[in-house]
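Results of the structural survey
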Amino acid sequence: MIKTIAHLRSSDVPLGVWLLGLGGFVDAVAFVVLQGNFVAFMSGNTTILGSSTATGHWSLAGLSALLICLFFSGCLAGAAIVRWVGSAAHRVLMASVTLMTLAGAILANTTSTWSGTLLLAVVGGLTNSALATNSDVHVGLTYVTGTLVKAAHQLVAGIRTTHPWSWLADIGYWFAFAVGATLGGFTFHRLGPAALWVAVGLAAVACVLPSRAEITEA
C-alpha cells in the first residue's frame, strides 16, 4: 500500500489563544485569594519567595515555595503525558486540565477558597505542556513577558520589510492573556469562589478545540 499525505488538519492558534485567556483568568483569581501570589507566573512567585525569605516573612515565603512546587508537579505530569500517552496526549492533557480545574472549583466552593485556588498551580503546569512540542504557537501559555520581548524584536526587525506587522500576532497573544485576567478579576469580584466554575467551563471548551497540526496518512 502506498502512503501519501492526505490532510493537514489544523493550527494551534485558536487553542493557544484560548489557553492564554484561561491562564490569565485563573491567575487573576489567584492573585486576589493568595495574597498577591500567582498560579501561573512563577517568576513572580520566585521574586516573592526571595524577598520574603530575606525579610523574614516565612508564611509568605512558604506559600510561594508551595506554589512553585505545585506548578512544577503539573509540568512533570504534563511532560509524562506528552512522552508516554502517544497520539492521544493532547486530549488527555486537556481532560486533566479540566478535571484539576473542576477539583479546585469544588474545593474552593465547599471547603476552602484558599486550598481550592492552590490546585490551580497544578493546572498552570499542565497547561504549559499542552503546546510544548510540534506546535505553531511559540509563546508561554501562562505568562507573557517573553511574548512582549518577542513582539518588540519582531517590530524592529520588520521595519522596512515586506512583513512590518508580524509583531502584532504576539501582541495578540499578550492581549488574550490580559483579557482573561480582566475577566477573571471582574468575575471573582462579582461571584467570589463561584468564579472558578467559569474557569471550569473555559477549560472544558479547550477540550474540543483543534489541537496541533496533524498529518493523516491514507
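Read on for an overview of the structure.

Scoring rules and cut-offs
Residues numbered from 1 in each chain as written. Predicted model: local features only at pLDDT ≥ 70, side-chain atom pairs only at ≥ 80, totals over all residues. Heavy atoms only, no water. Helix = DSSP H or I, 4+ residues; strand = E, 2+ residues; numbered from the N terminus. Buried < 20%, exposed > 50% of the residue type's maximum accessible area, 1.4 Å probe, protein only. Contact = heavy atoms within 4.5 Å. Areas by Shrake-Rupley, 256 points an atom, 1.4 Å probe, with all protein chains shown as cover. Core = buried A, V, L, I, M, F, W, Y, C linked by side-chain atoms within 4.5 Å. Phe/Tyr/Trp six-rings, centres within 6.5 Å; stacked < 30°, edge-to-face > 60°. Axes fitted to C-alpha atoms, helices over the stretch in contact; angles between N-to-C directions. Parallel < 35°, antiparallel > 145°, perpendicular 65-115°, else oblique. Left-handed = near helix turned anticlockwise from the far one by under 90°. Expected span 1.5 Å × (residues − 1).

So, on to the overall build of the protein chain. Within the protein chain, the regular secondary structure consists of nine helices and two strands. In the protein chain, the order of α-helices and β-strands from amino to carboxyl end is β-α-α-α-α-α-α-α-α-α-β. Relative to its 218 residues, the protein chain shows a buried fraction of 42%. For the protein chain, the proportion of contacts with a sequence separation of at least 24, taken over those separated by at least 6, is 74%. Carbon and sulfur atoms form 71% of the exposed surface of the protein chain, whose accessible area is close to 11,100 Å².

Moving on to the nonpolar core. Note that soluble globular proteins tend to have their nonpolar side chains buried in a common cluster. Leu-22, Leu-34, Val-39 and Met-94 are the most contacted members of the largest nonpolar core, which has 36 residues in total. Breaking this core down by element, the ones donating at least two residues are α1 (13-33), α3 (58-84), α4 (89-110), α6 (120-128) and α9 (195-206). Among the elements that make up this core, the one with the highest residue count is α1 (eight residues). Apart from the residues within four sequence positions on either side, Leu-34 is in contact with Val-39, Leu-63, Leu-67, Trp-114, Thr-117 and Leu-118.

A word on the environment of His-153. If you trace the backbone, His-153 turns up in helix α7 (residues 145-157). Put simply, His-153 and Trp-167 are 14 residues apart on the chain and 7.9 Å apart in space, counted from C-alpha to C-alpha.

Quick look at the packing of aromatic side chains now. Inspection of the entire model under this criterion finds two aromatic pairs. For the ring pair Phe-31 and Phe-38, a centre distance of 5.5 Å and an interplane angle of 40° mean the geometry is tilted. Looking at Phe-38, the relative accessible area reads 17%, which means it is buried. Consider the rings of Phe-38 and Phe-41, whose centres lie 5.3 Å apart with planes at 85°: the pair is edge-to-face. Residue Phe-41 is classed as partly exposed on the basis of its relative accessible area of 26%. Put simply, the rings of Phe-31, Phe-38 and Phe-41 pair up and form one aromatic cluster.

Our focus in this paragraph is the packing of α1 against α9. Where α1 meets α9, the closest approach of the two axes is 10 Å, and the angle between their N-to-C directions is 165°. Taken together, the axes of α1 and α9 are roughly antiparallel relative to one another. When you trace α1 past α9, the crossing you get is left-handed. On α9, the residues that touch Leu-15, Trp-18, Leu-19, Leu-22, Phe-25, Val-26 and Val-29 of α1 are Ala-195, Leu-196, Val-198, Ala-199, Leu-202, Ala-203, Val-205 and Ala-206.

Once that is clear, we can look at α6. For α6, a buried count of nine out of nine residues is recorded, marking the element as mostly surrounded by other parts of the structure. Along α6, the residues classified as buried are Leu-120, Ala-121, Val-122, Val-123, Gly-124, Gly-125, Leu-126, Thr-127 and Asn-128. In this structure, the buried residues of α6 make contact with α1, α3, α4, α5 (113-118) and α9.

Moving on: unusual backbone geometry. It is generally the case that most residues other than glycine have a negative phi and that most peptide bonds are trans. Positive phi, close to 60°, is recorded for Gln-35, a residue that is not glycine. Turning to its location among the elements, Gln-35 is positioned in the loop between α1 and α2 (42-55). Using a relative accessible area of 57% as the deciding quantity, one classes Gln-35 as exposed.

Our focus in this paragraph is α4. End to end, α4 covers 31 Å across 22 residues, agreeing with the expected 32 Å (1.5 Å per residue, within 8%). Regarding α4, the residues found buried are Ala-89, His-90, Leu-93, Met-94, Ser-96, Val-97, Thr-98, Thr-101, Gly-104, Ala-105 and Ala-108. Where α4 is buried, its residues contact α1, α3, α5, α6 and α9.

Let's shift gears to the packing of α4 against α9. Closest axis-to-axis distance for the α4/α9 pair is 9 Å, and the angle between their directions is 170°. Taken together, the axes of α4 and α9 are roughly antiparallel relative to one another. Along its contact with α4, which presents His-90, Arg-91, Met-94, Val-97, Thr-98, Thr-101, Leu-102, Gly-104, Ala-105, Ile-106, Ala-108 and Asn-109, the element α9 presents Leu-196, Trp-197, Ala-199, Val-200, Ala-203, Ala-204 and Ala-206.

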